[in-house]
2 protein chains.
Amino acid sequence: MRYRRQDVVERAIAVLDERGIDGLTMRKLAADLGVQPGALYHHFAGKDALLQAVADEILRRGRRPAEIMAWDAELQLLCVGLRDAMRRHRDGALLIAQVHRADAEALEQPLRAALGRAGAADDLARVGARALVRFVLAHEDDEAVDFALGLGLLLDGLRQRVSPSA
Amino acid sequence: MRYRRQDVVERAIAVLDERGIDGLTMRKLAADLGVQPGALYHHFAGKDALLQAVADEILRRGRRPAEIMAWDAELQLLCVGLRDAMRRHRDGALLIAQVHRADAEALEQPLRAALGRAGAADDLARVGARALVRFVLAHEDDEAVDFALGLGLLLDGLRQRVSPSA
DNA sequence: ACCTGAACACCGTTCAAGT
DNA sequence: ACCTGAACACCGTTCAAGT
């Protein structure tokens, strides 16, 4: 049988949901596809590249259209959207965090842009975006109310520095 | 030759610093000690228990005596102390974060206690302590100035909620 | 009590050879 | 182009047997 790259990614997500990130091995995925382990290396350079593609697909599915709103509401919505995308899959945050270590830019860019539009200095926008993304990654398993409270701490800090005269 | 538990832990830290967390395997550690891999299981139930002991030792070495100071300065000092303890070893934050997932209480307790003494409600103390610890774990590799700025965001948020009339 | 020797059940990755 | 078959170089863990 023949498999396209996208088929492999989708099967990998299914395996992830069934077995968790430790159970998502090249060999298990190959067996799941009815193929030899070595065959996967025709579609992906290695396991890292496969996980990157899986993370991209999970995030792509969670993406929402941009809306016009206040910058702090926009940041909150981006964070909640990221959280929701991760929580749709077993060990989602573990996977995204792993991939995020290799490519932080993709996740942080929209938040940094929003902070920039709000008038934050470059340093603040960069550090703030990073702190928000890592907060979301680190608090996947928290209760929604705790997540909102913790996120509020960061957003309050940002509000104080972006518009001190509020 | 005979090894005490503590000898194994210290050798493990040396291996960690040399090879990083992926290079700290039971087999490499055993070879480093001049012993068969199976021998390690007389000292530790498994790799998790070994890593737990390594993390405990790293944190123990970084512990400082308590001082009497303002609650926000105390939080900052605890966070910087944790950061410094981690940064003394290769992949320190990765190791501590891994162990922290199994036992969050040990790391968060001192921060939660400080927030409690400052008058924070239980929920705020719990969520605040957790956010601070995870911030430190997630920002090990950041520049000191970025770390301070990001930490300041959280501390500002906490100040606003702990003593709103400041 | 502590360690050896040897095995068991896994990994990711490579690559000649087939189709 | 895509996959098989088979190997290579690793893992963590277990356990009878030795001392």
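Residues numbered from 1 in each chain as written. Chains lettered and ligands numbered in written order. Predicted model: local features only at pLDDT ≥ 70, side-chain atom pairs only at ≥ 80, totals over all residues. Heavy atoms only, no water.

Asks: I'd like to hear about the packing of aromatic side chains, residue by residue, with values.
Replies: Any two aromatic rings considered together are summarised by their centre-to-centre distance and by the angle between their planes. All names here are of chain A. In the structure shown here, the tally under the stated rule is two aromatic pairs over all chains. Between the aromatic rings of phenylalanine 135 and phenylalanine 147, the centroid separation amounts to 5.6 Å while the plane-to-plane angle is 40°, which identifies the pairing as tilted. Of the two residues, phenylalanine 135 sits in helix 7 (residues 122–138) while phenylalanine 147 sits in helix 8 (residues 144–162), which places them 12 residues apart along the sequence. With relative accessibility at 6%, the residue phenylalanine 135 sits in the buried group. Between arginine 83 and the ring centre of phenylalanine 147, over which it is positioned, the NZ or CZ distance is 4.3 Å. (Phe/Tyr/Trp six-rings, centres within 6.5 Å; stacked < 30°, edge-to-face > 60°. Helix = DSSP H or I, 4+ residues; strand = E, 2+ residues; numbered from the N terminus. Buried < 20%, exposed > 50% of the residue type's maximum accessible area, 1.4 Å probe, protein only. Lys NZ or Arg CZ within 6 Å of the ring centre and 35° of its normal.)

Asks: Let's hear about the protein's contact with DNA strand C: which residues, and what values?
Replies: Every one of the 18 residues lining DNA strand C counts as a neighbour, but Arg27(A), Lys28(A), Tyr41(A), Lys47(A) and Gln36(B) are closest to it. Counting only atoms of DNA strand C within 4 Å of the protein, the fraction found in sugar and phosphate groups is 56%. Interatomic distance of 3.3 Å between a backbone N/O atom of Tyr3(B) and a phosphate oxygen of DNA strand C. With respect to DNA strand C, the side chain of His43(B) contributes an N or O atom lying 2.9 Å from a phosphate oxygen. (Near = heavy atom within 4 Å. Polar contact = N/O pair within 3.5 Å; in protein donor to acceptor, adjacent residues only side chain to side chain.)

Asks: Could you give an account of the packing of helix 4 (residues 71–87) of chain A against helix 6 (residues 105–117) of chain A, naming the residues involved and the relevant values?
Replies: All names here are of chain A. As a packed pair, helix 4 and helix 6 sit with axes 9 Å apart at the nearest point and diverge in direction by 170°. Judged by the angle between their axes, helix 4 and helix 6 are roughly antiparallel. Of the residues in helix 6, those touching helix 4 at Trp71, Glu74, Leu75, Leu78, Cys79 and Leu82 are Leu107, Pro110, Leu111, Ala114, Leu115 and Arg117. Counted by class, the contact of helix 4 with helix 6 contains 10 nonpolar, no polar and two charged residues. (Axes fitted to C-alpha atoms, helices over the stretch in contact; angles between N-to-C directions. Parallel < 35°, antiparallel > 145°, perpendicular 65-115°, else oblique. Contact = heavy atoms within 4.5 Å. Nonpolar A, V, L, I, M, F, W, Y, C, P; charged D, E, K, R; others polar.)

Asks: Any chance you could break down the interface of chain A and chain B for me, citing the residues and the numbers?
Replies: Taken together, the contacts link 25 residues of chain A with 25 residues of chain B. When chain A packs against chain B, close to 2100 Å² is buried across both sides, 60% of that on carbon and sulfur atoms. Inspection of the chain A/chain B interface yields 10 salt bridges. The partner of Asp142(B) in a salt bridge is Arg134(A), and the shortest N-O contact between them spans 3.2 Å. Elements supplying a minimum of two residues to the side of chain A that touches chain B: helix 5 (92–102), helix 7 and helix 8 of chain A. At 11 residues, the largest contribution of residues to the side of chain A that touches chain B is made by helix 8 of chain A. Residue composition of the side of chain A that touches chain B, by class: 10 nonpolar, six polar and nine charged. (Buried area = accessible area lost by both parts, 1.4 Å probe. Salt bridge = Lys/Arg side-chain N within 4 Å of Asp/Glu carboxyl O.)

Asks: Pulling in residues and values, what's your account of the relation of the copies chain A and chain B?
Replies: With an RMSD of 0.0 Å, chain A superimposes on chain B once it is rotated by 180° and translated 0.0 Å along the axis. Read as a symmetry element, the transformation amounts to a two-fold axis. Same-surface contact between copies: 100% of interface residues of chain A are shared with the interface of chain B. (Least-squares fit on C-alpha atoms with pLDDT ≥ 70 in both.)

Asks: Describe the domain arrangement of chain A, and please don't skip the residues or the numbers.
Replies: Residue and element names in this part refer to chain A. Along its sequence, chain A is carved into domain 1 (5–57) and domain 2 (66–161). Computed from C-alpha atoms alone, the centre-to-centre distance between domain 1 and domain 2 is 27 Å. Each side of the interface is counted separately: domain 1 has 11 residues, and domain 2 has 10 residues. Both faces considered, domain 1 and domain 2 share a buried interface measuring about 940 Å² in area, 63% of it formed by carbon and sulfur atoms. At the boundary of domain 1 with domain 2, the tally comes to zero salt bridges. Our count for the domain 1 to domain 2 interface comes out at four residue pairs in polar contact (both at pLDDT 80 or more). Of all the secondary-structure elements, those providing two or more residues to the side of domain 1 that touches domain 2 are helix 1 (5–19) and helix 3 (47–62). (Domains from an automatic or database assignment.)

Asks: Describe the UniProt feature "domain: HTH tetR-type" (unreviewed entry) in chain A, with residues and values.
Replies: Listed under "domain: HTH tetR-type" (unreviewed entry) in the UniProt record, and renumbered for this structure, are residues 2–62 of chain A. When the span residues 2–62 of chain A is considered, its composition is 64% helix and 0% strand, and the gap between its end C-alpha atoms is 28 Å. (UniProt positions renumbered as here; feature names shortened; annotations may be inferred.)

Asks: Which residues make up helix 6 (residues 105–117) of chain B, and what values go with them?
Replies: Residue and element names in this part refer to chain B. For helix 6, with 13 residues, the first-to-last C-alpha span of 18 Å sits near the 18 Å given by 1.5 Å per residue. Among the residues of helix 6, Leu107, Glu108, Leu111, Ala114 and Leu115 are the ones counted as buried. The elements touched by buried residues of helix 6 are helix 3 (47–62), helix 4 (71–87), helix 5 (92–102), helix 7 (122–138) and helix 8 (144–162). (Expected span 1.5 Å × (residues − 1).)

Asks: Any chance you could break down the protein's contact with DNA strand D for me, citing the residues and the numbers?
Replies: Neighbouring DNA strand D are 18 residues, the closest being Gln36(A), Arg27(B), Lys28(B), Tyr41(B) and Lys47(B). In the interface set of DNA strand D, defined as its atoms within 4 Å of the protein, sugar plus phosphate atoms amount to 58%. Within the backbone of Met26(B), one N or O atom sits 3.1 Å away from a phosphate oxygen of DNA strand D. Between DNA strand D and Arg27(B) there is a distance of 2.6 Å, counted from a base nitrogen to a side-chain nitrogen or oxygen. Across the surface near DNA strand D, the residue classes tally to seven nonpolar, six polar and five charged.

Asks: I'd love a proper account of the pattern of salt bridges, names of residues and values included.
Replies: Overall, the coordinates contain 30 salt bridges over all chains when judged by the stated rule. For Asp72(A), the salt bridge is made with Arg159(A), and the minimal N-O distance between the two is 2.8 Å. One end of the pair, Asp72(A), is in helix 4; the other, Arg159(A), is in helix 8, with 87 residues separating them in the sequence. The exposure class assigned to Arg159(A) is partly exposed, which follows from its relative accessible area of 29%. Connected through shared salt-bridge partners, Asp123(A), Arg126(A), Arg130(A), Arg134(A), Asp142(B) and Asp146(B) make up one network.

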